[in-house]
Structure formats: structure tokens, C-alpha cells
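One letter stands for each residue in the lines below.
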Amino acid sequence: MSDALNPETPEELVETEEEPIKQRKNGLYPGVSDELAENMKSGWADTELHDLQPVPQAKHTAARRAALSARFPGERLVIPAGNLKTRSNDTEYAFRASVEYAYLSGNQTEDGVLVMEPAGEGHKTTIYLLPRSDRENGEFWLDGQGELWVGRRNSLTEAERLYGVPASDVRELADALREATGPVRVVRGYDAGIEAALADKVTAERDEELRVFLSEARLVKDEFEVGEMQKAVDSTVRGFEDVVKVLDKAEATSERYIEGTFFLRARVEGNDIGYGSICAAGPHATTLHWVRNDGAVRSGELLLLDAGVETHTYYTADVTRTLPINGRFDELQKKIYDAVYEAQEAGIAAVQPGGKFRDFHDASQRVLAEKLVEWGLVEGPVERVLELGLQRRWTLHGTGHMLGMDVHDCAAARRETYVDGTLEPGMCLTVEPGLYFQADDITVPEEYRGIGVRIEDDILVTEDGNRNLSAALPRRSDEVELWMAKLKG
Ligand SMILES: [Mn+2]
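In the annotation of an unreviewed UniProt entry, the entry for the protein chain reads Xaa-Pro aminopeptidase, and the organism field reads Streptomyces lasiicapitis. Quoted verbatim from the Catalytic activity (unreviewed entry) heading of the UniProt record, the comment on the protein chain is "Release of any N-terminal amino acid, including proline, that is linked to proline, even from a dipeptide or tripeptide."

In C-alpha cells:
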């Protein structure tokens, strides 16, 4: 990429502490000749797009805003997208808009802010964005956020067409918010500038109520969201197939080959991976969030791959398969795998509308506790093990979570609507039991040590039961072997 060291870059564009490029607006750029400055103002075609259609989710975002409006009548609601975060010097981390903002607007642009202002019985919504760069004042090519550097933006008129709400210049928003009167709430944690402008008007308690409402609003997915979830899962299925096809290359290199292979699929078909891929070969499978992915991949061991593609609209899959690297489970691997499979079957069967969220966890844990007692790893009876939670030395984590725009979606929802809540059609969650025998666990026979198995699928609650969105990936041990044999050719 081009930077300050590039000899083509005029010396005066080097960012200094005293005078960051972003602040050098409205002319007077030392070292730029008047002739060049004048020359750069003109000779640019009008590229305004006149035939834009609304984004596909526009009618759904309108319904979501209507629900929010009804919950907070008469109050100004401020939902920021967030700002770029510096990685080093003038490079930034890849930007991901806040889910609250993307959910309500359909837009994902840095520095964007959605404002819902009380009007009549409801609210008037405005999306605040950085408009197209001004060619007259030089910001187009001299400012770090100039379109010449970061690419063409939508004009505010284009944004209105795309998102179905009026659009305004975000640079004027902080002042407007400072001057505004009346009750206001902001989604915190994304935009320090906007929060500072509202500092003496908001309280943490009231802002938290807004955040909780938006988290709970996402518990039940609408039709558009379910379609996006399926897209995310379908791409993820292809990513898993990609990985099986290159296991020999991973054996020749490291887990990184698996990570890179899945990432390629995620970037080509979606926006990104939904979370750091866990590419855990051999004993790494017993580390729940193994994302270093720098270990050896060995024939005869298992690969635990936990990965998900995120769609362009931010919906992510979250799928795990535990695969024999050489294509065949050995006897002990199969025994442990089949136990986890049985636990997952029991868990999936417990995902029912009207049932408790907790039911699938309890169903899976019971099966795993039974197996551990049966294998002599923990003393029965099973009821005692479950009551004391003794199975958890090897089952380690909860059996699943809500899934959507965040991999652990709806995290701010209250206990009574989520963890202690009741399942409803349109909810989407993972069922992911596992068994993990740490390499240094001397309470289990030596041959168990270093084996970790998890199977994770994405389950939609339907009117009459559930649908496994990731059913295209085989789960039963014999079907996994057949599938791998076919892919490896
Ligand atoms: Mn998960």
C-alpha cells in the first residue's frame, strides 16, 4: 500500500502529532502549488447513481425500528456504528459496524450514526454519514478520509435510497446533539465522540435498557435473517469441504493451512469469518479457544475445526466437526466421538418451541455423564454426578448459545428472556456438546489424554420443532468417514 514513505507522496502529507492529516481541511497545504491545488479541483465527472434500489433488508429494518420506537416513545435514540481503530500509525483494523447499528439501518459504514428523534406518535429516523468528498477544498485527495484514499462513498442522496431514511452529514451531529433537549439514550461502547457530546444528558442505567432491548429484539429472527443464517451455514459447509481436501497440505505444514483455507472461503463468499477459527489438531482440541493454530497436523490424530463464515450482512454460522485426520477414527476416538454424537442428538431433540432454553443443555449433559460413569471415569450414580456437576471436568462448557449477527448473539438479554427463557419459533442457537481429556489429566487412562471432541450444529426453532441449518455436514462417525473418503478422492 501507498504510505508516507512512498516518494510519490508529497512530504507535507506526512502525518505528524501536531497536525494530523485528518484535521488539515479547508486549504492551505504547504508545499502544494497553487496550480496543482487549482488543477485538482476540477475535471471530475459527476458519478451520482440515480437507479439505486433499497438494500434487501430495508423493509425489515423499518419494522425493527418501529418496535424500538414503540418501546421508547418520546425519547431521542442514538445508535452509533463505531469508529476505525488504529492498528499502527496510519493503518487500521478491519472495521465492523456495531450490530445494533447494522441491525437497525442495514448500513455498515464507520462513523455512521442512526438517530431516532421523537416525532408525533413515533420517531423520525435519520442516518448520519460522511458525505462524498468535497473536491473544492481539497479534502478529496489531501484528507486521510478523502475518497481518493479510501474509495468512493455513497452520496447522502444515494444513502437515502439505499436505506430508506433521510441522510445527513455526520460531521454536524455532535453539535446538534449537544444542543438538543429532551430525554435521550445512546448505545455505548462504540463512538467516544458521540458519547462525549451526550455525556451530561444520559445515564448508564437508561442506556443499558436500550442495549438490552436491542439484544432481546434479536432473539427471534425474521424471515430475512433466517435466510442469511442459512447462507452463512452453506458457505461454512463449503469451507469445511475445502479443509478436508487439503488435509495432506496441512500435514506438510501446520494448522495454519486449515485456518487459511477456511478464511479464503469466508472472504470470497462472505464478509469475513464470524470469529477466530479454531483449527485444533491432536491435543490442541482440548483447549476450548485454540486460535493460535500454529501446531502440527498428524495422521492418526483428530482435528477439531470450529469455524463459521459471516455473510455480507453480518450473520454468522458457528459449526464444529471433529475429524480423523487420516480419514478413519480409531476405536477409542470412535467411542468418544459416538458418545458426543449421542449427546448432541439428545440435545437437538430437546430444542422445541415452548421448551426451556436450558433443556438441550440438560439433555446433552445427562448423556455425557452416563458415558463417563459407564467408562468408569467418574463414580456413579449418574444423578449424583449431575447434581454435583462432576462431569464438567470433561464437558467444560455450556452446550450452546444464541447465534446471529454475533456468534454469541443477544448477549445483553436478561436471564428471564434467554438463559432462563422459553424457546420460540425463529430463535437460532447452537447445540455443541463436547468431551475433552486434557493431555495432563492423570485421572483418566493414558490413552484418553489429549483427545478432544466437539460436534456443533446451528439449529433453528420452528413452529413444530426445529431445523438443523447445518445438516449438510455429516455428523455420524461412519458418515463422516464416507464423506471424507469422497472428498479426499
Ligand atoms: Mn459455538
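There is more to say, and it comes next.
Asker: Any chance you could explain the coordination of the manganese ion here in plain terms?
Answerer: Think of it this way: four donors in a tetrahedron around the metal ideally sit 109.5 degrees apart, and six in an octahedron ideally sit 90 or 180 degrees apart. Looking at the metal site, the manganese ion is ligated by D318 (OD), H401 (NE2), E432 (OE) and E456 (OE), spaced 2.0 to 2.4 Å from it. For the manganese ion, all donor residues lie on one chain, and their spacing in sequence is D-x82-H-x30-E-x23-E. With E432 in the loop between β13 (428–431) and β14 (434–437) and E456 in the loop between β15 (451–454) and β16 (457–462), the pair connects residues that are 24 residues apart, well separated along the chain. For the pair shown, E432 and E456 are each scored as buried.

Asker: How should the side chain of T125 be read in this particular structure?
Answerer: When you line up the elements, T125 lands in strand β5 (residues 122–129). The class of T125 is buried, set by a relative accessible area of 9%. Those residues in contact with T125, other than ones at most four positions away along the chain, are R65, L114, V115, M116, V165 and P166.

Asker: Any chance you could explain a nonpolar patch on the surface here in plain terms?
Answerer: Taken together, L148, W149 and V150 make up a surface patch of nonpolar side chains, about 280 Å² in accessible area. Structurally, the position occupied by V150 is in helix α5 (residues 147–150).

Asker: Please explain the packing of aromatic side chains as it appears in this structure.
Answerer: The geometry of an aromatic ring pair is captured by the separation of the ring centres together with the interplanar angle, meaning the angle of the planes. Taken as a whole and judged by the stated rule, the model has nine aromatic pairs. Centre to centre, the rings of F240 and F262 are 5.9 Å apart; their planes meet at 85 degrees, and the pair counts as edge-to-face. With F240 in helix α10 (residues 223–245) and F262 in helix α12 (residues 255–269), this pair connects stretches of sequence that are 22 residues apart. F262 sits in the buried class, given a relative accessible area of 0%. Between the aromatic rings of W394 and F437, the centroid separation amounts to 6.5 Å while the plane-to-plane angle is 40 degrees, which identifies the pairing as tilted. Here F437 lies in strand β14 and W394 lies in helix α16 (residues 392–395), a separation of 43 residues in the sequence. Every member of this aromatic cluster is reached through a ring pair, and the members are W375, W394, F437 and Y448. Lying over the aromatic face of Y103, R64 brings its terminal NZ or CZ to 4.5 Å of the ring centre. Positioned above the aromatic ring of F140, the side-chain terminus of R135 is 3.9 Å from the ring centre.

Cut-offs and rules
- Residues numbered from 1 in each chain as written.
- Predicted model: local features only at pLDDT ≥ 70, side-chain atom pairs only at ≥ 80, totals over all residues.
- Heavy atoms only, no water.
- UniProt positions renumbered as here; feature names shortened; annotations may be inferred.
- Donors = N, O, S within 2.8 Å, 3.2 Å for Na, K, Ca; no water.
- Helix = DSSP H or I, 4+ residues; strand = E, 2+ residues; numbered from the N terminus.
- Buried < 20%, exposed > 50% of the residue type's maximum accessible area, 1.4 Å probe, protein only.
- Contact = heavy atoms within 4.5 Å.
- Patch = residues over 30% accessible without salt bridge, like charges linked within 9 Å, V, L, I, M, F, W, Y side chains within 5 Å.
- Areas by Shrake-Rupley, 256 points an atom, 1.4 Å probe, with all protein chains shown as cover.
- Salt bridge = Lys/Arg side-chain N within 4 Å of Asp/Glu carboxyl O.
- Phe/Tyr/Trp six-rings, centres within 6.5 Å; stacked < 30°, edge-to-face > 60°.
- Lys NZ or Arg CZ within 6 Å of the ring centre and 35° of its normal.

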